[in-house]
Amino acid sequence: MYVDQRDFWNFIASPRYLQKFCVGGAQVDQFGNMNNTVIGQDYHHPKVRLPGTAGLADMGSMPKRLLYWVNDHSPRTLVDRVDFRSAAGFLGGYGERAQLGLAGGPELVVTNLAVFDFAPDSQRMRLKSLHPGVTLEQVLTATGFEPVLPESIGTTPAPSPQQLRLIREVIDPDGRRYHQRTR
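Residues numbered from 1 in each chain as written. Predicted model: local features only at pLDDT ≥ 70, side-chain atom pairs only at ≥ 80, totals over all residues. Heavy atoms only, no water.

A. Highlighting the nonpolar core. One finds L78, V109, F116, M125 and V139 to be the most contacted residues of the largest nonpolar core, which totals 25 residues. Counting only elements with at least two residues in this core, the list comes to β1 (20-23), α2 (56-61), β6 (65-70), β9 (114-118) and β10 (125-130). Residue contacts for M125: discarding those within four places in its chain leaves V28, D29, Q30, L78, V109, F116, D117, F118, F145, P147 and V148. (Core = buried A, V, L, I, M, F, W, Y, C linked by side-chain atoms within 4.5 Å. Buried < 20%, exposed > 50% of the residue type's maximum accessible area, 1.4 Å probe, protein only. Helix = DSSP H or I, 4+ residues; strand = E, 2+ residues; numbered from the N terminus. Contact = heavy atoms within 4.5 Å.)

And the structure:
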């Protein structure tokens, strides 16, 4: 379906289309808030100026299912609190998002080490599964906050041959998924 650029946001906002969004940013905090604007506590004199929200503020406020991807699972990416809130996750958790009338929110955070979801009560990031060969200690050391740990942590299923083919040949034939960001 062709969508005129002038109608893009009407298309995005419609409950009929695009129920899920896969997004990434420079920082994600324990409540799923995302930063892609500035690194550093002083907005006017940041350590690093990033590309900006690129629609993240709108996406984070819509009643959509947000799936975050992080290709650099480290304490500088998964932080206790983002330096700047480019997209609303669960704000401060504990129902704060709903209290402001915002539906939806982040559903999963997929990193190069693990998969997280969000604990229903606190809305803090909860470790859901470890990727094959990754230990719990590696994930905890590489995370800038203490995630919620369930009684049982699963192993992320390996992709099927069809999924691998799609990733390698259709979605990312140039291998951009292998390039690390630098800050």
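So that's the structure; there's more coming.
B. Summary view of a nonpolar patch on the surface. Where nonpolar side chains cluster on the molecular surface, the patch consists of L136, L140 and L149 and spans about 200 Å² of accessible area. Following the sequence through the fold, L149 ends up in the loop between α4 (136-141) and β11 (154-155). Residue classification places L149 among the partly exposed positions, given a relative accessible area of 38%. (Patch = residues over 30% accessible without salt bridge, like charges linked within 9 Å, V, L, I, M, F, W, Y side chains within 5 Å. Areas by Shrake-Rupley, 256 points an atom, 1.4 Å probe, with all protein chains shown as cover. Salt bridge = Lys/Arg side-chain N within 4 Å of Asp/Glu carboxyl O.)

C. Representation of the packing of aromatic side chains within the structure. Taken as a whole, this structure holds three aromatic pairs when the rule is applied. Stacked on the ring of Y43, the Lys or Arg R49 has its end atom at 5.2 Å from the ring centre. (Phe/Tyr/Trp six-rings, centres within 6.5 Å; stacked < 30°, edge-to-face > 60°. Lys NZ or Arg CZ within 6 Å of the ring centre and 35° of its normal.)

D. View of unusual backbone geometry. Located in the positive-phi region is L91, a residue other than glycine, with phi close to 55 degrees. Structurally, L91 is set in the loop between β7 (78-79) and α3 (96-99). Accessibility expressed as a relative area gives 8% for L91, which makes it buried. Positive phi outside glycine occurs at Q123, with the angle close to 65 degrees. Within the secondary structure, Q123 is located in the loop between β9 and β10.

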